[in-house]
Amino acid sequence: MTDHPATLQTAAADHAQPATRGEAFTFGDPVPVMDRREILDYIEAWSNGRWYEPPVSVDGLAKSFRSSTHHASALFFKRNVLASCFVPHPWLDRETFAALALDFLTFGNCYLERVRNRLGSTLRLRHSLAKYTRRGAEDLSQYFFVRGWQQEHEFEPGSVWHLREFDVNQEIYGVPEYLSSLQAAWLNESATLFRRRYYNNGSHAGFILYINDAQQSQEDVDNLRAALKEAKGPGNFRNLFLYSPNGKKDGVQVIPVSEVAAKDDFFNIKNVSRDDVLAAHRIPPQLMGIVPSNTGGFGAVLPAAQVFARNELLPLQQRLATLNDWIGEEVVTFTPYIIESATPAPGSEREPA
């Protein structure tokens with residue numbers, strides 16, 4: 001008995017491959033720029049009943065200090081220039097002032113404790129780390145030194161001087177000026193770590209050996225596999241010889257993995273993130289020792305240093321000098337920031353004709 005033609009047609013249709021259809025999809029939804037970080041405007045400075053917590057994580061700022069080469073270098077550069085111009089005082093030495101300036105530049109807050117003698121006169125000014133200093137919740141002139149759980153010290157009322165960088169959202173603590181450039185600093189760090197791991201795991205020397213030549217026997221493939229295994233290891237960048245009689249063109253192909261992985265736009269990411277960080281710190285690149293990538297360069301160093309001294313260094317000095325108003329003594333004074341030009345050697349000047 002033979003099958004009906006209609007039955008055979010139905011069976012063939014059941015075994016046929018299903019028709020493919022086009023499909024469109026997206027990779028995630030758009031994220032608003034103002035999302036999540038607006039919560040800082042609502043929280044401001046959180047109070048635990050005894051003191052206020054800073055609106056920005058001081059631990060995060062401390063960890064981000066060395067996230068980018070140019071971020072840390074810019075902070076150290078400003079600190080060094082301020083310390084070089086500072087005139088030491090019997091109450092405030094240069095080392096204490098340098099730590100105070102670095103705290104103010106890093107956290108947007110700095111603190112000094114007035115240490116008195118038995119007669120009530122000022123003995124010296126002691127630096128209190130901004131990372132652990134907190135303002136009192138009941139009285140803003142009250143300060144605490146908090147290192148951790150049940151590790152707190154309460155300062156004497158009125159003994160702490162606090163300088164803060166103004167914030168538009170709250171009046172308890174200051175926030176650093178470079179806060180908007182932290183994303184660029186973290187991106188710079190991520191690009192460096194990615195490239196370092198890329199080299200450590202050997203991806204820059206990796207490849208895929210693709211063979212589609214039918215002339216290759218299993219024995220030849222096994223020998224090739226053994227030769228590749230022997231070429232592996234630290235420092236083993238060995239050449240490999242393959243003889244394929246009667247082989248076809250492109251029968252054996254070497255596909256480098258590094259050509260795909262290296263296209264992460266490393267240099268552009270590093271340069272753009274560096275420029276963002278320097279723009280936030282407002283330091284000319286020629287003062288940071290950056291080598292220009294163009295033939296024109298960055299311009300003369302002396303005019304850049306003079307503009308930096310007037311627009312950036314002088315306002316910082318005036319902010320730090322407000323300690324004098326609080327303590328009633330000229331404790332913070334500075335010498336002018338002068339860059340000496342090179343003096344020509346005797347006889348090197350050309351005599352007039």
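What counts, and where the lines are drawn
Residues numbered from 1 in each chain as written. Predicted model: local features only at pLDDT ≥ 70, side-chain atom pairs only at ≥ 80, totals over all residues. Heavy atoms only, no water. Salt bridge = Lys/Arg side-chain N within 4 Å of Asp/Glu carboxyl O. Helix = DSSP H or I, 4+ residues; strand = E, 2+ residues; numbered from the N terminus. Buried < 20%, exposed > 50% of the residue type's maximum accessible area, 1.4 Å probe, protein only. Expected span 1.5 Å × (residues − 1). 1 Å grid on protein atoms, 1.4 Å probe; cavity = no way out; pocket = protein on both sides within 12 Å on 5 of 7 lines; lining within 4 Å. Points joined across faces, edges and corners; volume = space filled by probe spheres on them. Nonpolar A, V, L, I, M, F, W, Y, C, P; charged D, E, K, R; others polar. Phe/Tyr/Trp six-rings, centres within 6.5 Å; stacked < 30°, edge-to-face > 60°. Lys NZ or Arg CZ within 6 Å of the ring centre and 35° of its normal. Core = buried A, V, L, I, M, F, W, Y, C linked by side-chain atoms within 4.5 Å. Contact = heavy atoms within 4.5 Å.

Q: An account of the pattern of salt bridges is needed here, citing residue identities and associated values.
A: If you walk through the whole model with that rule in mind, you get 10 salt bridges. Note that Arg126 is salt-bridged to Glu113, the shortest N-O span being 3.0 Å. Of the two residues, Arg126 is situated in strand E2 (residues 122-128) and Glu113 in strand E1 (residues 109-116); the sequence distance between them amounts to 13 residues. On the accessibility criterion, Glu113 (12% relative accessible area) is buried.

Q: Give me the pairing of strand E6 (residues 160-164): which residues, what numbers.
A: Consecutive residues of a regular strand have side chains that alternate between opposite faces of the sheet. Within E6, 5 of the 5 residues are buried, leaving the element largely enclosed by the surrounding structure. A two-sided burial pattern is seen for E6, the buried positions comprising Val160, His162 and Arg164 on one face and Trp161 and Leu163 on the other.

Q: Which residues make up helix H6 (residues 182-200), and what are the values?
A: The end-to-end C-alpha distance of H6, which contains 19 residues, comes to 27 Å, matching closely the 27 Å that a straight helix rising 1.5 Å per residue would cover. Within H6 the residues assigned to the buried category are Leu182, Ala184, Ala185, Asn188, Ala191, Arg195 and Tyr198.

Q: Explain empty space enclosed by the protein to me, using residue names and the numbers behind them.
A: If you roll a probe as big as a water molecule over the atoms, it shows you where there is empty space left. All chains considered together, the criterion is met by 2 cavities of 30 Å³ or more. By volume, the largest cavity is sized at about 120 Å³. Lys78, Phe104, Leu105, Glu177 and Tyr178 are the residues nearest the centre of the largest cavity, which is lined by 15 residues in total. Mapped onto the lining of the largest cavity, the elements with two or more residues apiece are helix H4 (69-85), helix H5 (94-107), helix H9 (266-281) and helix H10 (301-320). Broken down by class, the residue content of the lining of the largest cavity amounts to 8 nonpolar, 2 polar and 5 charged. There is about 40 Å³ of room inside the second largest cavity. Taken together, Pro54, Pro55, Val56, Val58, Leu61, Phe107, Asn109, Tyr173, Gly174, Val175 and Pro176 make up the lining of the second largest cavity.

Q: I'd like a rundown of the packing of aromatic side chains, residues and numbers included.
A: Counted under the stated rule, the structure contains 9 aromatic pairs. With a centroid separation of 5.5 Å and 75° between ring planes, the pair formed by Phe266 and Phe267 is classed as edge-to-face. Three or more aromatic residues link up through ring pairs in this structure, and these residues are Phe86, Phe97 and Phe334. Across from the ring centre of Trp326, 4.9 Å away, lies the NZ or CZ of Arg114, which sits over that ring. Seen from the ring of Phe266, Arg195 lies directly overhead, with NZ or CZ sitting 4.5 Å from the centre.

Q: Quick rundown of the nonpolar core? Include the residues and the values.
A: Side chains of nonpolar character tend, in soluble globular proteins, to be buried together. Counting residues in hydrophobic clusters, the biggest one holds 55 residues, and the most contacted among them are Leu92, Phe97 and Leu323. Not counting residues up to four positions away in its chain, the partners in contact with Leu92 are Phe86, Phe97, Leu112, Leu125, Leu323, Val331 and Val332.

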